[in-house]
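Here is what each chain is made of, one letter per residue.
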Amino acid sequence: MSASPVSAPHDYEALAPPRAVELQHVEEEFVRLRLAAPCNIDATSADNQPITRACMSNLIVYCDNPAEADALAPQFSLMARRHPARIILLVGEDPEQSQGIVAQVTAGVTQLGKRRHISSEQVRISASADGLGRLASAARPLLIGDLPTSLWWNSIQPPPTGGDLFLELQEMASSIIYDSRGWRDPRTGLIATSNWVLGTRERSLVTDLAWMRSRFWRRLFCESLAPHVLPGALNHIERIELEHGPHALPMVWLFIGWLAHCLSWKPQGGKVGSNKHLMMKFLSASGPVQVEISRNDGGPAEIRRATVTSRGVGPTGAKLEAEFEALDSERVAIRIDHGTQTENFISTPNDPPILMLAWQLANRTGQAEFRKALGIARAMAMELGT
């Protein structure tokens, strides 16, 4: 779950190092930072203006512990240009903290258009074991009232198992983002979370960062196996083999759920071969489809390889086999065997979670495909428990 280290963009400048303040003085500290910010000075014009605040959303971020928060905090500067926001970072139990609640405040400026703006206001609120129950009430008065509020539940606990703290935080948010990567029991977590998303959060925007990570593989399948590229390849799939790194099983289930939804496959059961191997069966319009999922011992928490076999299609009736292999974090090899063999390499985007989050904050229309994929992924997970 730890965030990967990233560098702050060159045009981001912190107005001051994080400063500890009493919780009731957080807004005063933000005012002090604004007043102390230097003016936009243009030597060629007399139209020098003070730096103003740019803010599009409230973002509440919850982390389980200080180590997770420490790794994440420097990345907020990346989001400042994409989606200026007030960020309230809530940190779970800190064993070294004696006070119930401690707040730290900072802010930064970014060049937006022709001028620099205060584009990131950050409050870090840490709780001792005794103060954990006060985190939500500490965050509530710091929200800017006329802006939408999003919650990033950055925890190894699935949202529905987050207890009273999650219940209080979700009531403040109109959109919720979580990350299923790192869940200790992915099957139980996916079932519980899908029940929550599909049953009680219909009016809210909810998404999983694992779903967003799978977008490249979804696009890869659409572009490489599209009917105008390989006629009949998708509709005649009979077998898919998927390999993934540790902690990526929910991502794989969402990917297969999306594919099953798009191709109108019906789940027909599955079984656990071992703790590293699962098998699922579907029924498509052209016949049975078998999906085998294998977990590698190491590597990133991503899909690493996908092999697709289709029944005989095209004028020659030849079988088609397509292999997609992630060579590293930046390249995927595509090998197609359909009578003749071809091989291509494409570059892959690798945005850090904070930039995926910035994209999601700007999306106010929901993701119907995610909900469909999640519903089928839930059916798959439940089949494996019977």
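The structure displayed is predicted, hence computed values, not measured ones.

1. Here's the deal with empty space enclosed by the protein
- According to the stated counting rule, one finds one cavity of 30 Å³ or more in the structure shown.
- Here the largest cavity is characterised by a volume of approximately 30 Å³.
- Contributing to the lining of the largest cavity are Y178, S180, W183, L190, D208, P250, L254 and L374.

2. Brief notes about the nonpolar core
- If you look at the biggest cluster of nonpolar residues, it comprises 112 residues, and the most contacted ones within it are I125, L169, W217, W253, F282 and F324.
- No other element matches the 10 residues that helix α9 (residues 249–262) contributes to this core.

3. Observations regarding the packing of aromatic side chains
- Counted according to the given criterion, the structure contains 10 aromatic pairs.
- Aromatic side chains Y62 and W153 sit 4.6 Å apart centroid to centroid with 15 degrees between the ring planes, which places their arrangement in the stacked category. Of the two residues, Y62 is situated in strand β4 (residues 57–63) and W153 in strand β8 (residues 149–154); the sequence distance between them amounts to 91 residues. Summarising the burial analysis for this pair, Y62 and W153 share the class buried.
- With 5.0 Å between their ring centres and 70 degrees between their planes, W153 and F166 make a pair best called edge-to-face.

4. Focus on the pattern of salt bridges
- Enumeration over the complete set of coordinates arrives at 22 salt bridges.
- Members of the salt-bridge network, linked through shared partners, are E243, R305, E323, E325, R335 and E343.

5. Observations regarding the confidence of the model for the protein chain
- On average, residues of the protein chain score 87 in pLDDT, and 91% of them reach the 70 mark or higher.
- For the stretch residues 1–6, pLDDT sits under 50, and the model shows 15 contacts to residues farther than four places along the chain or on other chains.

6. A word on unusual backbone geometry
- Its identity is not glycine, yet H247 carries a phi of approximately 70 degrees, on the positive side.
- Residue placement: H247 occurs in the loop between β11 (237–244) and α9.
- One non-glycine residue, S264, adopts positive backbone phi at about 60 degrees.
- Here S264 is to be found in the loop between α9 and β12 (266–274).

7. Examining helix α1 (residues 26–36)
- Listed as buried for α1 are V26, E29, F30 and L33. For α1, the angular spread of buried residues about the axis comes to 100 degrees, placing them on one side.
- Against β2 (19–21), β5 (85–93), β6 (101–112) and β7 (115–127) lie the buried residues of α1.

8. Examining the pairing of strand β10 (residues 205–208)
- The two faces of β10 match: L205 and T207 on one face and V206 and D208 on the other face are all buried.
- Pairing analysis gives four bridges linking strand β9 (residues 175–178) to β10, with the strands arranged parallel. Residue pairing for β10: S175 is matched across the bridge by L205.

9. Concerning the side chain of S224
- Mapping S224 onto the fold places it in helix α8 (residues 215–224).
- Other than its neighbours up to four places away in sequence, S224 contacts V229, L230, F324 and I334.

10. Remarks on helix α5 (residues 163–172)
- All of the buried residues along α5 are L165, F166, L169, Q170 and M172. Down the axis of α5, the buried side of the element spans an arc of 150 degrees, and every buried residue falls inside it. Residues D164 and E171 are exposed on α5 and point more than 90 degrees away from its buried face.

11. What about the pairing of β6?
- Of all 12 residues in β6, nine are buried, a share of seventy percent or more.
- Pairing geometry for strand β1 (residues 13–14) and β6, over two bridges, is antiparallel. Following the sheet pairing, E13 is matched in β6 by V109.
- Bridge analysis of β2 against β6 gives three bridges, and the strand direction is antiparallel. Paired with A20 across the strands is Q104, a residue of β6.
- Direction of pairing for β6 relative to β7: antiparallel, over a ladder of 12 bridges. By the bridge assignment for β7, V109 is matched with I118.
- In sequence, β6 turns back onto β7 through a hairpin of two residues, with G113 there showing a positive phi of about 70 degrees.

12. A closer look at the environment of F324
- For F324, the location among the structural elements is in strand β16 (residues 318–326).
- Of the residues examined, F324 reaches a relative accessible area of 0% and is grouped as buried.
- Through-space distance from the C-alpha of F324 to that of P160 is 35 Å; in sequence the pair is 164 residues apart.
- In contact with F324, not counting residues within four places along its chain, are W217, L220, F221, S224, L225, R304, R305, A306, V308, V332, A333 and I334.

Cut-offs applied
- Residues numbered from 1 in each chain as written.
- Predicted model: local features only at pLDDT ≥ 70, side-chain atom pairs only at ≥ 80, totals over all residues.
- Heavy atoms only, no water.
- 1 Å grid on protein atoms, 1.4 Å probe; cavity = no way out; pocket = protein on both sides within 12 Å on 5 of 7 lines; lining within 4 Å.
- Points joined across faces, edges and corners; volume = space filled by probe spheres on them.
- Core = buried A, V, L, I, M, F, W, Y, C linked by side-chain atoms within 4.5 Å.
- Buried < 20%, exposed > 50% of the residue type's maximum accessible area, 1.4 Å probe, protein only.
- Helix = DSSP H or I, 4+ residues; strand = E, 2+ residues; numbered from the N terminus.
- Phe/Tyr/Trp six-rings, centres within 6.5 Å; stacked < 30°, edge-to-face > 60°.
- Salt bridge = Lys/Arg side-chain N within 4 Å of Asp/Glu carboxyl O.
- pLDDT = per-residue confidence, 0-100.
- Contact = heavy atoms within 4.5 Å.
- Arc of directions from axis to C-beta.
- Pairing = 2+ DSSP bridges.

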